[in-house]
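A closer look at the structure
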Amino acid sequence: MAGSRRPWPARPGELSAEELGALREAFEDGNLSAAARKLQDTLQSLENVRLDVAVTGETGSGKSTFVNAIRGLGDEEPGSAETGVVETTLDPTPYPHPKYPNVTIWDLPGIGTPAFQASRYLERVQFGRYDFFILIASERFTAHHAQLACEIQRLGKRFYFIRSKVDVDLAASRQRRPATFSEEGVLNEIRTHCRDRLRAEGVADGPRVFALSNFNRGLYDFPLLEETLEKELPGHKRQAFLLARPNDSLEVLEKKKAALEEQIWKLALAACTVNSVPVPGLPGLPAACEVAILTDSLSDYCRSFGLERETLEELARELGLPQEEVQGLIRSPLAQDITRGLVLQLLASPARAAGPPSGSPGAAASAPRSPANPPPEPAPTKRRHHPSSAQGPAGGLGGQISSREGGRLCRIY
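Predicted model only: the values in this text are computed from it and were never measured. (Residues numbered from 1 in each chain as written. Predicted model: local features only at pLDDT ≥ 70, side-chain atom pairs only at ≥ 80, totals over all residues. Heavy atoms only, no water.)

Now for the overall build of the chain. Within the chain, the secondary structure is distributed over 15 helices and six strands. Looking at the chain residue by residue over its 413 residues, the buried ones come to 47%. Within the chain, contacts between residues separated by at least 24 positions form 65% of all contacts whose residues are at least 6 apart in sequence. Summed over its atoms, the accessible surface of the chain is roughly 19900 Å², and 53% of this surface lies on carbon and sulfur atoms. (Helix = DSSP H or I, 4+ residues; strand = E, 2+ residues; numbered from the N terminus. Buried < 20%, exposed > 50% of the residue type's maximum accessible area, 1.4 Å probe, protein only. Contact = heavy atoms within 4.5 Å. Areas by Shrake-Rupley, 256 points an atom, 1.4 Å probe, with all protein chains shown as cover.)

Here it is, written out as structure tokens:
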């Protein structure tokens, strides 16, 4: 449940109408360098966008454990929030995501004191700092939860109700009624009871309750909660949340893949056009600065999919396998440290020589495409190919970026 709803861009990483307009204007002016700089600014803003999530509830409801779980951490891992059966949070405490520090989960003080007042509480925790609120209860939602939800809604921000520790309820119900036990029946009973309590306390509009266990992200409503949060965030913040999600399902990996593919044509255009000084030995390609764009973005892609060295080492330890064996399962040539030398090697590879010569029968296939209308994705192959030269909405830029230059850059991905 949330406050007033606003329309958001359709996909993570998609250019807003304002960004697209600025880019179109630069193209129509024939200023390709300005267009590239605007693309760089857009990509930088996407990388730097902040997402601040507030988590609150009564003492012992599992706030701190949830803060760890949604970041993919256990309670004893480095950077995890302190947990305990007594209130351990006295002031708003930030917990940055271990890989994406621009995504921060805030563990707020508990709301169970007798003198609790929602307006004073939100002022104390600096209400305006957060993008949305998570309200947690481990047994039942109280008047404090309802008051806080109503005040958050009045002030125009979103909130979500979480009923935690349902694994404990399910185990108790299974033990008491083994013959008639129904997991879904118990979960529906919990959700219904929570909604009824919240309505009775004055929360209108059919409050939605997510039933979950902090100790298993794949069970109950945890996946649905993450999907809902992702869907209801604005475009750039949506991508920040998506990339910060743990890689614990094929669906999450496919979503990340689609979001990152949306950026490839922008990165290739920026790398092709910011600087015109050629790389030694690779005539027609940009200079070191542009190679750095590719190197950094490829490193970010590996990090997004959990393929960087540290994550693979951790995975090998969890599986009880030698790291070399885990590394050997990765078929991509990028399953190693991404360096400038590696990127130059990929650019120079004859196997990835881009596009046919001008005037050849295949030249039309590599004709420039508009950034406002990125090229359609071709049928999957062993290595994904992206058409890559850039043409503005007004056309006429084919002579400024050749399909050969752009193709050699894009094929790295």
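In this structure's numbering, the residues bearing the UniProt feature "coiled-coil region" (unreviewed entry) are residues 243-270. The annotated region residues 243-270 carries 82% helix and 0% strand content, and the separation between its end C-alpha atoms amounts to 22 Å. (UniProt positions renumbered as here; feature names shortened; annotations may be inferred.)

Here the focus is the packing of helix α3 (residues 63-70) against helix α8 (residues 222-231). For the pair α3 and α8, interaxial distance at closest approach is 13 Å and the crossing angle is 70 degrees. Viewed along their axes, α3 and α8 adopt a mutual orientation that is roughly perpendicular. Every residue of α8 that contacts α3 at Phe66, Ala69 and Ile70 is listed here: Phe222, Leu225, Glu226 and Leu229. Classifying every residue of the contact of α3 with α8 gives six nonpolar, no polar and one charged. (Axes fitted to C-alpha atoms, helices over the stretch in contact; angles between N-to-C directions. Parallel < 35°, antiparallel > 145°, perpendicular 65-115°, else oblique. Nonpolar A, V, L, I, M, F, W, Y, C, P; charged D, E, K, R; others polar.)

Leaving glycine out, the prevailing phi sign among residues is negative, and the prevailing peptide bond configuration is trans. Phi is positive for Gln126, which is not a glycine, with a value near 65 degrees. In this fold, Gln126 is placed in the loop between α4 (118-124) and β4 (132-137). Gln126 sits in the partly exposed class, given a relative accessible area of 47%. Look at Tyr220: it is not a glycine, yet its phi comes out positive at around 60 degrees. Within the secondary structure, Tyr220 sits in the loop between β6 (209-211) and α8.

Time to look at the pattern of salt bridges. Applying the stated rule across the entire model yields 19 salt bridges. The salt bridge partner of Glu230 is Arg245, with a shortest N-O separation of 3.0 Å. In this pair, Glu230 sits in helix α8 while Arg245 sits in the loop between α9 (235-244) and α10 (250-273), placing the two residues 15 residues apart along the sequence. Look at Glu230 and you get buried, because its relative accessible area is 7%. With a shortest N-O distance of 3.8 Å, Glu261 and Lys257 are connected by a salt bridge. Pair noted here: Glu261 and Lys257 are both in helix α10, with a separation of four residues, about one helical turn. Given the relative accessible area of 16%, Glu261 is considered buried. A single salt-bridge network, built from bridges that share partners, covers Arg217, Glu226, Glu230, Arg245, Asp248, Glu251 and Lys255. (Salt bridge = Lys/Arg side-chain N within 4 Å of Asp/Glu carboxyl O.)

What follows is about the pairing of strand β1 (residues 51-57). Of all seven residues that make up β1, seven are buried, and the element is covered over most of its length. The side-chain alternation of β1 yields two buried faces, one formed by Leu51, Val53, Val55 and Gly57 and the other by Asp52, Ala54 and Thr56. When β1 meets strand β3 (residues 103-107), the two strands line up parallel, connected through five bridges. Looking across to β3, one finds that Ala54 is bridged to Trp106. By the bridge criterion, five bridges tie β1 to β4 in an arrangement that is parallel. Residue Thr56 lies in a different strand from β4, and its bridge partner there is Leu135. (Pairing = 2+ DSSP bridges.)

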